[in-house]
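Breakdown of the fold
Take a look at the letters that make up each chain.
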Amino acid sequence: MTINASDDLFDRPDAPISPFRFDADVARVFPDMVRRSVPGYAELIGITGLIARRVARPGTRCYDLGCSLGAVTREILARTGPEVRIVAVDNAPAMIAGLRARLADLPGRERVELFHADVEEAPIEQASLVVLNLTLQFVAPERRLELLERIRAGLVPGGALILAEKILVPSDRGGDLLTALHEDFKRAQGYSDLAISRKRAALEQVLLPDSVETHEQRLAAAGFAGFARWYQSLNFVAWVAWA
Ligand SMILES: Nc1ncnc2c1ncn2[C@@H]1O[C@H](C[S@+](CC[C@H]([NH3+])C(=O)[O-])CC(=O)[O-])[C@@H](O)[C@H]1O
Ligand SMILES: O=C(O)C(=O)Cc1ccccc1
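Everything numeric in this text was worked out from a predicted model, so none of it was measured. (Residues numbered from 1 in each chain as written. Chains lettered and ligands numbered in written order. Predicted model: local features only at pLDDT ≥ 70, side-chain atom pairs only at ≥ 80, totals over all residues.)

Next up on the list: the overall build of the chain. Across its full length, the chain carries eight helices and seven strands. In summary, the chain has a C-alpha radius of gyration of 17 Å against a globular reference of 18 Å for 243 residues, a match within 12%. Along the first, second and third principal axes, the C-alpha atoms of the chain reach 50 × 45 × 30 Å. In the chain, which comprises 243 residues, the share counted as buried stands at 39%. Residue pairs in contact within the chain that sit at least 24 positions apart in sequence constitute 76% of those at least 6 positions apart. (Helix = DSSP H or I, 4+ residues; strand = E, 2+ residues; numbered from the N terminus. Rg over C-alpha atoms; globule rule 2.2 N^0.38 Å. Buried ≥ 20, exposed ≤ 12 C-beta atoms within 10 Å, placed from the backbone. Contact = placed C-beta atoms within 7 Å.)

See below:
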């Protein structure tokens, strides 16, 4: 599979039908799609690596849940020592296949284990870091707390969860402004109005964002002792939480 094609999926006459799926067409354009759709994506990945450098411990594992093509996995690999293992999980076959191909000639790849699995079924053990980078938003809302509880239970002392999400903004002047600015951002990245509105429709029943308050209440309810919000760009937010 050739990866790194530019994302014109939602402009094509054969544009993906709703609902949005992480299939081979999406995998092919994913790096371009995510970079042009998530403001500050590169920074999000880079700082995740810096957090990994601080919290990853020899003899433990770092989990990249919903790894797609492994941007987080590769960043953790670059920032951690030889005794740290990385477990990358995704339930989309095209993503796992794409990541396997990308790892083939990467130094340190023997530290990475790939799993084609649902994050809700993946065992989480001896974890010094678990990353949910733009993944929890695709898990059924009523099962999100259970997943966070399982993650917390799998963390070693001193371990951390990184959670990054598109957030639900209030329908008020500030929230509407963030939503409009996200569309402006996409337009400035070269997406057409048609592509933007088709993708919005395709994601509607699939990507179900929670508000900042819901996320923070859930982190507390899952038993995390504390958290810090370390990133926001428009309607994208990231936290680090510790057990
Ligand atoms: N239940 C599930 N189980 C396993 N995988 C899942 C599940 N639901 C969705 N996925 C997978 O989660 C990924 C979400 S993309 C993550 C970006 C990446 N983290 C990055 O840092 O580039 C975010 C986005 O596209 O907005 C996709 O690869 C899905 O197949
Ligand atoms: O495009 C969006 O609106 C997003 O929330 C980001 C995104 C990026 C890649 C796949 C799905 C959603």
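Before going further, it helps to spend a moment on the UniProt feature "binding site: S-adenosyl-L-methionine" (unreviewed entry) in the chain. Residues annotated in UniProt with the feature "binding site: S-adenosyl-L-methionine" (unreviewed entry) correspond here to Y41, G66, C67, S68, D90, N91, D118, V119, N133 and R200. Annotated residues spanning 160 residues; largest pairwise C-alpha distance 24.4 Å, indicating distribution over more than one region. Along the chain, G66 turns up in the loop between β1 (61–65) and α3 (71–79). Residues in contact with G66, not counting those within four places in the same chain, are D90, V119, L132, T135 and F138. Relative to the assigned elements, D118 resides in the loop between β3 (112–116) and β4 (127–133). Among the residues examined, D118 registers 13 C-beta atoms within 10 Å and is labelled partly exposed. (UniProt positions renumbered as here; feature names shortened; annotations may be inferred.)

Turning to the UniProt feature "domain: Methyltransferase" (unreviewed entry) in the chain, a few remarks are in order. Under the feature "domain: Methyltransferase" (unreviewed entry), the UniProt entry names residues 64–159. For residues 64–159, helix accounts for 32% and strand for 26%, while the C-alpha atoms at its two ends are 14 Å apart.

Neighbouring ligand 2 are M33, V34, S37, V38, K166, K199, L203 and L207. Only α1 (24–37) and α7 (193–203) provide two or more residues apiece to the shell around ligand 2. When residues in the shell around ligand 2 are grouped by element, the largest group, three residues, is from α1. In the shell around ligand 2, the residues fall into five nonpolar, one polar and two charged. (Near = placed C-beta within 6 Å. Nonpolar A, V, L, I, M, F, W, Y, C, P; charged D, E, K, R; others polar.)

Time to look at α3. An α-helix turns once per 3.6 residues; consequently, residues spaced three or four apart project the same way. For α3, the tally of buried residues reaches seven of nine residues, placing the bulk of the element in the interior. Taken together, the buried positions of α3 are occupied by A71, V72, T73, R74, E75, I76 and L77. Buried residues in α3 make contact with α2 (41–55), β1, β2 (85–90), β3 and β4.

Once that is clear, we can look at the pairing of strand β6 (residues 226–233). The sheet contact formed by β6 and strand β7 (residues 236–242) spans seven bridges and is antiparallel. Within the sheet, the bridge partner assigned to S233 lies in β7 and is F236. Linking β6 to β7, which pair antiparallel, is a turn of two residues; within it L234 sits at a positive phi near 50°. (Pairing = 2+ DSSP bridges.)

What follows concerns the site of ligand 1. Close to ligand 1 lie 20 residues, the nearest being F22, G66, N91, A92 and L134. Taken together, the residues of the shell around ligand 1 sort by class into 12 nonpolar, five polar and three charged.

Another aspect to go through is the pairing of β1. Counted residue by residue, β1 has five buried out of five residues, so it is predominantly covered. With burial as the criterion, each face of β1 is covered, one bearing R61, Y63 and L65 and the other bearing C62 and D64. Sheet analysis places β1 next to β2, joined by five bridges and oriented parallel. Across the sheet, residue C62 finds its bridge partner in β2, namely I86. Considered for its hand, the β-α-β crossover made up of β1, α3 and β2 is right-handed. Here β1 pairs with β4 via four bridges, running parallel. Each residue of the ladder has a partner; that of D64, found in β4, is V131. (Right-handed = clockwise from strand over helix to strand, strands pointing away.)

Where helix α5 (residues 144–154) contacts helix α8 (residues 212–221), the two axes come as close as 9 Å, and the packing angle between them is 45°. Judged by the angle between their axes, α5 and α8 are oblique. Seen from above, α5 lies across α8 with right-handed handedness. Facing α5, whose interface residues are R144, L145 and L148, α8 presents R218, L219 and A221. Taken together, the residues that form the contact of α5 with α8 break down as four nonpolar, no polar and two charged. (Axes fitted to C-alpha atoms, helices over the stretch in contact; angles between N-to-C directions. Parallel < 35°, antiparallel > 145°, perpendicular 65-115°, else oblique. Left-handed = near helix turned anticlockwise from the far one by under 90°.)

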